[in-house]
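Each chain, letter by letter, is given below.
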Amino acid sequence: MSIAFVISAPSGAGKSTLIRRLLESDPGLLFSVSYTTRQPRPGEVPGVAYHFVGREEFLERLQRGEFLEWAEVFGNYYGTHRSYYEQACGTGRDLVLDIDTEGARQLRLRLPEVVSIFILPPSRAILEHRLRQRGQDSPEAIERRLREAAREAQRYLEYDYVVVNDVVEQATQQLLSIVQAERCRRHRMDRVARVVLESFRLSNVSLRSND
Ligand code: ADP
Ligand code: 5GP
């Protein structure tokens, strides 16, 4: 069964940057491309970061039960399409989801194997600097994101892991380590371990037959 790695962070903490690096480093991961009603930002290619749809299409899909979870964030709808989880399970990969804290709460109730990771910026001042430097939001939107960040950051308590995104290479390495350690948890290794143990049993049988 696939693990769903749910990654949340206050906006601007560097979540997209870290997820991109994580996916580049581990071919065993599949990214869940969310559906959203927000407008694409400059440079955002439809179907890569998001599937951009109108409100009507989003609500139709919601009614048809296509979303594993959904939430309204900054006045727009966002949802996780169940096909990504099915695709991950079908191809033996683990799923990476970039979703907000509300979506993470819903997924924990709906999927059997959820590992949640919260990314924090090193400080409020650094977060503000990164949001301004990114240059994708108006000053008002940045103010709104900062106010929201103060509220969002407190929800780190609901997560299994916390990564502080100070030096980007280090934070990426920490994410990779979490993914690798989770795959080695005993209950996820049972099938592999049984094959190893079976090889011992077979060798004992052949040793005995050689006595
Ligand atoms: P998010 O997806 O969380 O909103 P982004 O990944 O877009 O955040 O990052 C916000 C801005 O901060 C971007 O301009 C990005 O290049 C920059 N950034 C991300 N991580 C770091 C880091 N560790 N050090 C410096 N700048 C960073
Ligand atoms: P942005 O518009 O800046 O890309 O994302 C805004 C917020 O929406 C981020 O916190 C992001 O994690 C969240 N988000 C993106 N996709 C989904 C989704 O499918 N479900 C939920 N619940 N949140 C999402």
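Here's what I pulled together on the structure shown here. (Residues numbered from 1 in each chain as written. Chains lettered and ligands numbered in written order. Predicted model: local features only at pLDDT ≥ 70, side-chain atom pairs only at ≥ 80, totals over all residues. Heavy atoms only, no water.)

### A word on the packing of aromatic side chains
1) Next: Under the definition given, this model contains eight aromatic pairs.
2) Next: Each ring, one from Tyr-50 and one from Phe-52, has its centre 5.9 Å from the other, and the planes form 55 degrees; the classification is tilted.
3) Next: Ring centres of Trp-70 and Tyr-77 lie 5.6 Å apart, and the angle between their planes is 85 degrees; on these two criteria the pair is classed as edge-to-face.
4) Next: Within the aromatic cluster, the residues linked to one another by ring pairs are Tyr-35, Phe-58, Phe-67, Trp-70 and Tyr-77.
5) Next: Looking at Arg-108, its charged tip hangs above the ring of Tyr-159, at a distance of 4.8 Å from the centre. (Phe/Tyr/Trp six-rings, centres within 6.5 Å; stacked < 30°, edge-to-face > 60°. Lys NZ or Arg CZ within 6 Å of the ring centre and 35° of its normal.)

### Side note on the pattern of salt bridges
1) Next: In total, this model carries 20 salt bridges according to the counting rule given.
2) Next: Among the ionic pairs, Arg-132 bridges to Glu-128, the shortest N-O distance being 2.8 Å. In this pair, Arg-132 and Glu-128 both sit in helix H5 (residues 124-134), four residues apart, roughly one turn of the helix.
3) Next: In this structure, Arg-155 engages Glu-158 in a salt bridge whose closest nitrogen and oxygen atoms are separated by 2.9 Å.
4) Next: One continuous salt-bridge network, built from bridges that share partners, spans Glu-57, Arg-61, Arg-64 and Glu-66. (Salt bridge = Lys/Arg side-chain N within 4 Å of Asp/Glu carboxyl O. Helix = DSSP H or I, 4+ residues; strand = E, 2+ residues; numbered from the N terminus.)

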